[in-house]
Amino acid sequence: MSRVIVLASSKGGAGKTTVVANVGVAMAQLKQEVVVLDADIMMANLGLLLGLEEQRVTLHDVLAGGVKLSDAISIGQEGMRVVSSGVSLEGIQKAKLERLKKVVNELSKKFEFLLIDGPSGLDRDAITAISIAQEVILVVTPDIASLSNAFKTKLIAERLNVKPVGVVTTRVTWKDFEIPPEKINATMELPVLASIPEDPAVRRSVALGEPVVTHSPKSKAAREFKKLARTLVKLSGTD
Ligand SMILES: Nc1ncnc2c1ncn2[C@@H]1O[C@H](COP(=O)(O)OP(=O)(O)O)[C@@H](O)[C@H]1O
Ligand SMILES: [Mg+2]
């Protein structure tokens, strides 16, 4: 059985795309068949983070119709497969979001893991990206605003029959004003699957178009991304 997991966060810049890119590569390192999908149609940047901005056929073309999904699948680091979205305004206008479910169904037949990078917030596009998954991971920064919005997202996911599996805290600096993992766990009523530190190695790797897990594998953030990948693979084994 394949697993279709969407990563959701209330605000942009929380680190969602970074988590998808790095956990995808770390899962590929664990010999999992994994594909990452950029469902952030308006603000696509997963391909950029992976250095794949030259991709000619994108998810936009597939959603516009007349292009095969297999032509939009590229090969990323460690053999991870990637379906990027385009950045042109014309492509955005032509893309029909209602076709996304079919794309996900097709991908889930071919891969063990499908990680979906959705838009931030809770507008129609973000809710569509959640609704096409089986499970949702809430990506939060350790502050009250982020948690309260994530709780709302959790409730919406449950109504859509998408199972919330846990929380990933990002950009953590361990300062005393940040909400600690135990409290996040209690507030969200979900396990904290990982706490990704704020790490300059991430910004450096983004600038170079390479995930931090391959660019600086020993950095603190890379270690935590790899731990998260192991957790998700293990969770899958116990289902
Ligand atoms: N753990 C981190 N440490 C340092 N910088 C980070 C971290 N996660 C993300 N960033 C920075 O924040 C930017 C936005 O992250 P991104 O993953 O695109 O957020 P989102 O997809 O939630 O909008 C990245 O380009 C990167 O520079
Ligand atoms: Mg993003």
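Everything numeric here is computed off the predicted structure, so don't read it as measured data.

How each quantity is defined
Residues numbered from 1 in each chain as written. Chains lettered and ligands numbered in written order. Predicted model: local features only at pLDDT ≥ 70, side-chain atom pairs only at ≥ 80, totals over all residues. Near = placed C-beta within 6 Å. Helix = DSSP H or I, 4+ residues; strand = E, 2+ residues; numbered from the N terminus. Nonpolar A, V, L, I, M, F, W, Y, C, P; charged D, E, K, R; others polar. Buried ≥ 20, exposed ≤ 12 C-beta atoms within 10 Å, placed from the backbone. Pairing = 2+ DSSP bridges. Right-handed = clockwise from strand over helix to strand, strands pointing away. Expected span 1.5 Å × (residues − 1). Axes fitted to C-alpha atoms, helices over the stretch in contact; angles between N-to-C directions. Contact = placed C-beta atoms within 7 Å. Core = buried A, V, L, I, M, F, W, Y, C linked by C-beta atoms within 7 Å.

(A) How the structure looks around the site of ligand 1. In the vicinity of ligand 1, 19 residues are found, and the nearest of them are Gly15, Lys16, Thr17, Thr18 and Val202. For the shell around ligand 1, the secondary structure elements donating two or more residues are α1 (16-29), β7 (163-172) and α9 (200-208). Among the residues forming the shell around ligand 1, the class breakdown is five nonpolar, nine polar and five charged.

(B) Inspection of the pairing of strand β6 (residues 135-140) at higher detail. Here β6 lies mainly inside the structure; five of its six residues are buried. Bridging between strand β1 (residues 3-8) and β6 involves four bridges; their strand directions are parallel. Residue pairing across strands places valine 6 opposite valine 136, the latter belonging to β6. Bridge count between β6 and β7: six bridges; the pairing is parallel. Bridging across to β7, glutamate 135 finds its partner in lysine 163. A crossover connection joins β6 to the parallel β7 through helix α7 (residues 144-159); in handedness this β-α-β unit is right-handed.

(C) Geometry of α1. For α1, spanning 14 residues, the distance from its first C-alpha to its last is 20 Å, which sits close to the expected 20 Å at 1.5 Å a residue. The buried fraction of α1 is high, at 13 of 14 residues. Following α1 by one or two positions, lysine 31 adopts a phi angle in the positive range, close to 65°.

(D) Up close: the sheet that holds strand β8 (residues 192-197). With respect to topology, eight strands assemble into an open sheet ordered β3-β4-β2-β5-β1-β6-β7-β8, the strand pairing being mixed. The open sheet has two edge strands, β3 (73-75) and β8, and neither has a second partner. The sheet shows a mean angle of 25° between the axes of neighbouring strands, taken without regard to direction. Most of the contacts of α7 go to β6, to which it runs at about 170°, and overall it touches β1, β6 and β7.

(E) Representation of the nonpolar core within the structure. Val36, Leu114, Leu115 and Ile116 are the most contacted members of the largest nonpolar core, which totals 70 residues. Counting residues per element, this core draws most heavily on α1, at eight residues. In this view, valine 36 contacts Val20, Ala21, Gly24, Leu46, Met80, Val82, Leu115 and Asp117; residues no more than four positions away in its chain are not counted.

(F) Representation of the environment of leucine 7 in the model. Mapped onto the elements of the fold, leucine 7 is located in strand β1. Separated by 110 residues in the primary sequence, leucine 7 and aspartate 117 have C-alpha atoms spaced 5.7 Å apart. Leaving out residues up to four positions away in the same chain, leucine 7 has contacts with Lys16, Val19, Val20, Leu115, Ile116, Asp117, Gly118, Ile137 and Val139.

(G) Main features of the environment of lysine 11. You can see lysine 11 is positioned in the loop between β1 and α1. The residues contacting lysine 11, other than those within four sequence positions of it, are Ser120 and Ser146.

(H) Focus on unusual backbone geometry. Unusually for a residue other than glycine, glutamate 78 sits at a positive phi of about 60°. With respect to the helices and strands, glutamate 78 occurs in the loop between β3 and β4 (81-83). Positive phi, close to 60°, is recorded for tryptophan 174, a residue that is not glycine. Position of tryptophan 174 among the secondary structure elements: in the loop between β7 and α8 (181-188).

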